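# A look at the structure
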Number of protein chains: 2
Amino acid sequence: MMKKPKGEFFIKIAVAGYGNLGKSIIGAVANFPDIELTGVFTRRDPKTITDARCSVFSFDDILNYKKQIDVLIITFGSSNDLEENTIRLAEHFNTVDSFDMHNRIGKYRERLNNVAGCGNHLSLVSTGWDPGLMSLARLYFASFMPYANVTSIWGEGVSQGHSEALRNIDGVKYAIQYTVPLAASREAAYRGEFVSAGELHKRVCYVVCEKNDRKRIAEQIKNTEGYFRGYETEIYFITEDEFFEKHTRLYHKGEVISVGKTGDNTQLATFSLKLDSNPDFTANILLASARAVDRLHKEGAVGAISIFDIPPRFFIHGEYGGML
Amino acid sequence: MMKKPKGEFFIKIAVAGYGNLGKSIIGAVANFPDIELTGVFTRRDPKTITDARCSVFSFDDILNYKKQIDVLIITFGSSNDLEENTIRLAEHFNTVDSFDMHNRIGKYRERLNNVAGCGNHLSLVSTGWDPGLMSLARLYFASFMPYANVTSIWGEGVSQGHSEALRNIDGVKYAIQYTVPLAASREAAYRGEFVSAGELHKRVCYVVCEKNDRKRIAEQIKNTEGYFRGYETEIYFITEDEFFEKHTRLYHKGEVISVGKTGDNTQLATFSLKLDSNPDFTANILLASARAVDRLHKEGAVGAISIFDIPPRFFIHGEYGGML
């Protein structure tokens, strides 16, 4: 592979959103020799952001930067307005996002496909570690082990999507959600038994309230569709001091296991992740995904795709034949 | 997904070779509702094969069956004449194989690409569990964790390629090779250190000789390029009785681990397999791969490809959106 000259041959990336994930992406760009960062686009006043190690622009001005952006990585929260923003921008930019509300991905992708297609752009939805790497494990295992049960297990660790869902509840000041796998159910899954996600996990929430309105907040949490309803959910109300002392680390774990029999033979495949920093891990996947989107778009692909549509080699930089 | 009528809409598969892998494929077809088996093609006298649960034809006649074969799965041994046979047949058939001599795959694929391309056919090389699923783990990990060390560990288990390499040595009647990971090296790899394949494994061989020629055979084993040279290799000469009593199970294990740091945070991804029957496991992967080849060929793809060129969704039967 030829070393490319610095400048116009690089893949030019921009990041929308300066939260945990946006910050991790800025830090991770150094791992990608073929990518350069145009800057971050924020909905806050750019002048108030002084710690960014890149240019900071106003999100309102993003359409003026079309020429400087090959792929836009959108990091807004899934339970907020990520969908609407991506759909609005997909006409003008190739996009990558890590939208994580599994039951809404299909509809979202359909709407995005029309917009991106009209604009001759390419949008990759829902890449990261889950959806993303764990999704790949689920699909490959189901394809290659049609005789097996495939089970996904998350935790113990912090779900950023669920934590954000907590913070979106009126009256919640700070909150974090730990997903905790239940040992007995996990063992059953390893024996090849079918176990539902609800049976496999409990959700443990630590919440700091604006004012004392615990009963209403607890009810609202337990009934949040797509996040908490159907799960054993524990809610602990704590002080702001305790929150910042004990609950700021964004670690997580996940595994996909596939167990089945061919005749009398047991076959087991497992994929697992143990992440000290979820946003750092996801950031690198988003950047490799942006690389794939740029390459596919240059080959003529338009519309909205998922990670299932991308030949693996599009993600890698440099020589890869030896990895077979 | 519509249920397809029995008959011409099925993907018609044939198997070349009636060894362990060929037999496992015949048994595995039942897991694939969109695939039907035309039969197995053997280089032995078809009349001598009475236990096959499908039609048995002479390999010499295979060109007469072009119309009944959408994809031909070639199961001959990698260290024998798999390459030459596939190259000869790729002009006439779409092919799938599990060629496993890693250092020769590039050259093999290049030659195959020309032949398959001329014949307007598509050949998928080197699919299975390694090369195959383990290769996918290596490539995705290297792409998504550019800050990490990626290490492959095999065993403890039976390498069919290495066992076959033993059996190809003049004077060897029966033989099996166990790949055994070395615990200290494995721990170092889990700490993120770079450890070579030679440092990670020893190779333990059990050999039954035709006649007493142990010294020459042992020398020849230790010097086999691509299989034993560069590895700690133990060789035990045993009797035929002991061989059939203790060494007929084709189990295997494998793992790909990826460990690295983002800042102060350690990130670990692992993929692992624990297989009671290696040929049964591989058989299902070959069938899902044949499905992908048929679909890609119908979309116009020709030439020789690897698993890295195939969008994951091509392997799966039926609805898969929910796996994201």
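Everything below is about the structure shown above.
The model shown is predicted, which means the values in this text are computed figures rather than measured ones. (Residues numbered from 1 in each chain as written. Chains lettered and ligands numbered in written order. Predicted model: local features only at pLDDT ≥ 70, side-chain atom pairs only at ≥ 80, totals over all residues. Heavy atoms only, no water.)

### Comments concerning the relation of the copies chain A and chain B
Rules: For the least-squares superposition of copies, only C-alpha atoms count, and only for residues with pLDDT at least 70 in both. Residues count as neighbours in contact if any of their non-hydrogen atoms are within 4.5 Å of one another.
For the pair chain A and chain B, the best superposition has an RMSD of 0.1 Å and corresponds to a rotation of 180 degrees with a translation of 0.0 Å parallel to the axis. Read as a symmetry element, the transformation amounts to a two-fold axis. A symmetric contact is evident, with 100% of the interface residues of chain A recurring at the interface of chain B.

### With respect to the sheet that holds strand 4 (residues 71-74) of chain A
Residues and elements named next belong to chain A. As a reminder of what qualifies: Each pair of strands is called paired provided DSSP finds at least two bridges between the two strands. For the purposes of this entry, the term helix denotes a DSSP run of H or I that reaches at least four residues, the term strand denotes a run of E that reaches at least two, and both are numbered from the N terminus. The angle between two axes is taken between their N-to-C directions and runs from 0 to 180 degrees, where each axis is a line fitted to C-alpha atoms and a helix contributes only its stretch in contact.
Spatially, the 7 strands line up as an open sheet ordered 3-2-1-4-5-6-14, and their pairing is parallel. If you trace the sheet from one side to the other, it starts and ends with strand 3 (56-58) and strand 14 (303-305), each paired once. Recorded for the sheet is a direction-independent mean angle of 25 degrees between the axes of neighbouring strands. When strand 2 (residues 35-42) meets strand 3, the two strands line up parallel, connected through 3 bridges. Looking at strand 3, one finds that Phe 41 is bridged to Phe 57. Against the sheet, helix 3 (residues 105-118) contacts strand 5 (94-97), strand 6 (122-124) and strand 14, and its axis sits at roughly 145 degrees relative to strand 14. Taken strand by strand, helix 10 (residues 278-298) contacts strand 1 (11-16), strand 2, strand 4, strand 5, strand 6 and strand 14, and its axis lies near 150 degrees from that of strand 5.

### Considerations on the side chain of A:His247
Residue and element names in this part refer to chain A. This is how it is decided: Burial classes: relative accessible area under 20% of the type maximum marks a residue as buried, over 50% as exposed, and values in between as partly exposed (1.4 Å probe, protein chains only). Throughout this description, a polar contact denotes any pair of N or O atoms lying within 3.5 Å of each other; where both atoms belong to protein, one of them has to be capable of donating a hydrogen while the other can accept it, and for residues adjacent in sequence the pair is counted only when both atoms sit in side chains.
Structurally, the position occupied by His 247 is in the loop between helix 9 (240-246) and strand 12 (252-262). Looking at His 247, the relative accessible area reads 9%, which means it is buried. Only 2.6 Å separates the side chain of His 247 from the side chain of Tyr 178, close enough to count as a polar contact. Each residue touching His 247, except ones within four places of it in the same chain, is listed here: Ile 176, Tyr 178, Tyr 206, Ile 238 and Glu 242.

### Things to note about the environment of B:Ala148
Residue and element names in this part refer to chain B. By the element assignment, Ala 148 lies in strand 7 (residues 148-154). For Ala 148, a relative accessible area of 17% corresponds to the buried category. Remark: the alpha-carbon pair of Ala 148 and Asp 81, spanning 67 residues in sequence, is separated by 38 Å. With sequence-adjacent residues up to four places away left out, Ala 148 is seen in contact with Ser 258, Val 259 and Gly 260.

### Re the sheet that holds strand 8 (residues 157-158) of chain A
All names here are of chain A. The 4 strands lie next to each other as 8-9-10-11, forming an open sheet whose pairing is mixed. A single partner strand is all that each edge strand has here, and the edge strands are strand 8 and strand 11 (232-237). Two elements, strand 9 (residues 172-181) and strand 10 (residues 201-209), share 9 bridges in a ladder whose sense is antiparallel. Following the sheet pairing, Val 172 is matched in strand 10 by Cys 209. Lying on the sheet, helix 8 (residues 214-222) is in contact with strand 9, strand 10 and strand 11; it crosses strand 11 at an angle near 150 degrees.

### Observations concerning the packing of aromatic side chains
Test applied: Pairing of aromatic side chains requires ring centres within 6.5 Å, counting the rings of Phe and Tyr and the six-membered ring of Trp. Pairs whose planes differ by under 30 degrees are stacked, by over 60 edge-to-face, and all others tilted.
If you walk through the whole model with that rule in mind, you get 33 aromatic pairs over all chains. Note on A:Tyr140 and B:Tyr140: the rings are 6.1 Å apart at their centroids and 55 degrees apart in plane angle, and the pair reads as tilted. In this pair, A:Tyr140 is assigned in helix 4 (residues 133-144) and B:Tyr140 in helix 4 (residues 133-144), connecting two distinct chains. The exposure class assigned to B:Tyr140 is buried, which follows from its relative accessible area of 3%. Arranged with centres 5.3 Å apart and planes meeting at 80 degrees, the rings of B:Phe243 and B:Phe244 form a pair that is edge-to-face. Take B:Phe243: its relative accessible area is 7%, and that puts it in the buried class. Every member of this aromatic cluster is reached through a ring pair, and the members are A:Tyr140, A:Phe144, A:Phe315, B:Tyr140, B:Phe144 and B:Phe315.

Taken by themselves, the reported measurements are silent on function.
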